[in-house]
Amino acid sequence: MSLHPVARQLLDDAAASDQPNSHLLPVEVARDNFERMFAGMDVQEVASVEELVVATGEEHIPVRLYRPRAGGVLPLVVYLHGGGWQMGSLASHDGVCRAIANESGCAVLSVEYRRPPEAKFPTAPHDCYAALVWAVDHADQLATDRTRIAVVGDSAGGNLAAAVSLLARDDDGPELACQVLIYPATTFDLDRGFDVELEGYVLFRDEVQWHKDAYFSTPEDAKSDYASPLDADLSGLPATFVLTAEYDPLGKAGLALVERLRSQGVPTEHRQYDGMIHGFVQFPDLFDDATVAIGDIGAFLQRHVGTA
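Attention here is on the structure that accompanies the text.

Parameters at a glance
Residues numbered from 1 in each chain as written. Predicted model: local features only at pLDDT ≥ 70, side-chain atom pairs only at ≥ 80, totals over all residues. Heavy atoms only, no water. Helix = DSSP H or I, 4+ residues; strand = E, 2+ residues; numbered from the N terminus. Contact = heavy atoms within 4.5 Å. Pairing = 2+ DSSP bridges. Axes fitted to C-alpha atoms, helices over the stretch in contact; angles between N-to-C directions. Buried < 20%, exposed > 50% of the residue type's maximum accessible area, 1.4 Å probe, protein only. Arc of directions from axis to C-beta. Left-handed = near helix turned anticlockwise from the far one by under 90°. Core = buried A, V, L, I, M, F, W, Y, C linked by side-chain atoms within 4.5 Å. Salt bridge = Lys/Arg side-chain N within 4 Å of Asp/Glu carboxyl O. Phe/Tyr/Trp six-rings, centres within 6.5 Å; stacked < 30°, edge-to-face > 60°.

**Describing the environment of D225**
Argument step 1. Within the secondary structure, D225 sits in the loop between α8 (205-215) and β7 (239-247).
Argument step 2. Counting along the chain gives 31 residues from D225 to F194, while the straight-line C-alpha distance between them is 18 Å.
Argument step 3. Residues in contact with D225, not counting those within four places in the same chain, are L166, D231, A232 and D233.

And the structure:
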């Protein structure tokens, strides 16, 4: 399918602008630019939004709990935001979390993990896993069901969601009902993980390399199962839904992860959204497929955490 015309216009406008790409800017400026993309967007109403804090050793990380309805015990989705590990926040992904809460009927706990370059790997996956464990330990306080938990993430957050599932398995941690990986980064071997034929469709190889350089202290870290799940033992992971976009440089590596999950016995669903670009799910005002994808995610979660 041809590139969606709105996506084409977005790419053309970006190319014509005088704003450098993120990897050409100081990280704080790149972060501010990323946040501005989502400022002022229309968001759905939910029953409640609560700001909380998770203690991870001597550190404390903010989390935000969304409830689609008042009262009762709800299944829980732990949501891990994208933004290339260095960018993104609770605020940038507020709209997505609200939409998933309403569509799935689950409470959603969004996690503001510590980011590189200030906090190197494995800080981010460990923060995300700590948030999952905290949520299980505090299920009564959160009015959530500790036996019905899913992990969801987009892009870098999809990478972290896969890492959390692996950590939960390897640590004999909380049992997850399912995971949802939205156009995830699956490997830091960029020869396999970045499709050069789609260079410039939102992402640039140099930009991904910039994130990689900031995230890791050593080349060996990038080969860890919790950094590059495409090369991990995936057996025993929960039911998985992988979403990919047709015009996404990360898409082929996402498809490769689907194949490996299925080959190792993990019940895996996949949908490619034709004509779409990386990040499309955050723009329901621009793309009908963003709303379709949220509906697909909600339906998958309902089937696996029991809200259907």
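Next comes the rest of the account.
**Regarding the sheet that holds strand β2 (residues 59-67)**
Argument step 1. Pairing is mixed in the open sheet, where eight strands are placed in the order β1-β2-β4-β3-β5-β6-β7-β8. Two strands lie at the open edges of the sheet, namely β1 (48-56) and β8 (268-277), each paired on one side alone. For this sheet the average axis-to-axis angle between neighbouring strands, irrespective of direction, equals 20°.
Argument step 2. Direction of pairing for strand β6 (residues 178-182) relative to β7: parallel, over a ladder of five bridges. Residue pairing across strands places L181 opposite V242, the latter belonging to β7.
Argument step 3. Each of β3 (74-80), β5 (144-154) and β6 touches helix α6 (residues 156-170); the most contacted strand, β5, lies at about 140° to it.

**Some thoughts on α8**
Every α-helix winds through 3.6 residues per turn, so residues three or four apart in the chain are directed the same way.
Argument step 1. Turning to α8, its buried residues are E207, V208, W210, H211, A214 and Y215. In a view along the axis of α8, the buried residues occupy a sector of 150°, so they form one face of it.

**Considering the packing of helix α4 (residues 123-137) against α6**
Between two packed helices, both the angle of their axes relative to each other and the distance between the axes serve to describe the pair.
Argument step 1. Where α4 meets α6, the closest approach of the two axes is 9 Å, and the angle between their N-to-C directions is 65°. Considering how the two elements wind past one another, α4 and α6 form a crossing that is right-handed. Where α4 abuts α6, its residues A124, P125, H126, C128, Y129 and L132 lie against L160, A163, V164, L167 and A168.

**Some thoughts on the pairing of β2**
Argument step 1. Here β1 runs beside β2; their pairing, made up of nine bridges, is antiparallel. Looking at β2, one finds that T56 is bridged to E59.
Argument step 2. Where β2 and strand β4 (residues 107-111) come together, four bridges link them in antiparallel fashion. Residue L65 lies in a different strand from β4, and its bridge partner there is L109.

**Here's the deal with the nonpolar core**
Argument step 1. Core analysis: the biggest nonpolar cluster contains 56 residues, and L76, L80, L132, W134, L160 and Y215 have the highest contact counts within it.
Argument step 2. Core analysis: the second largest hydrophobic core is formed by 47 residues, F38, Y79, V108 and I277 among them.

**What about the pattern of salt bridges?**
Argument step 1. A full pass over the atoms with the stated rule returns 17 salt bridges.
Argument step 2. Here R98 and D94 are joined by a salt bridge, their closest N and O atoms 2.9 Å apart. Here R98 pairs with D94, and both are found in helix α3 (residues 94-104), just four residues apart, close to one helical turn. No difference in accessibility class separates R98 from D94, as the two residues are buried.
Argument step 3. A salt bridge links E269 to R303; the shortest N-O distance between them is 2.9 Å. With E269 in strand β8 and R303 in helix α10 (residues 288-305), the pair connects residues that are 34 residues apart, well separated along the chain.
Argument step 4. By relative accessible area, which is 48% here, R303 ends up partly exposed.
Argument step 5. Linked through salt bridges whose partners overlap, the residues forming this network are E51, R64, D94 and R98.

**Quick word on the packing of aromatic side chains**
Argument step 1. As enumerated under the stated definition, the model contains 13 aromatic pairs in all.
Argument step 2. Summarising the aromatic geometry, the rings of F121 and Y215 are spaced 5.5 Å apart at their centres and angled 80° between planes, so their arrangement reads as edge-to-face. Taken together, the residues F121 in the loop between β4 and α4 and Y215 in helix α8 connect sequence positions 94 residues apart. For the pair formed by F121 and Y215, the shared burial category is buried.
Argument step 3. Ring centres of Y215 and F216 lie 4.6 Å apart, and the angle between their planes is 50°; on these two criteria the pair is classed as tilted.

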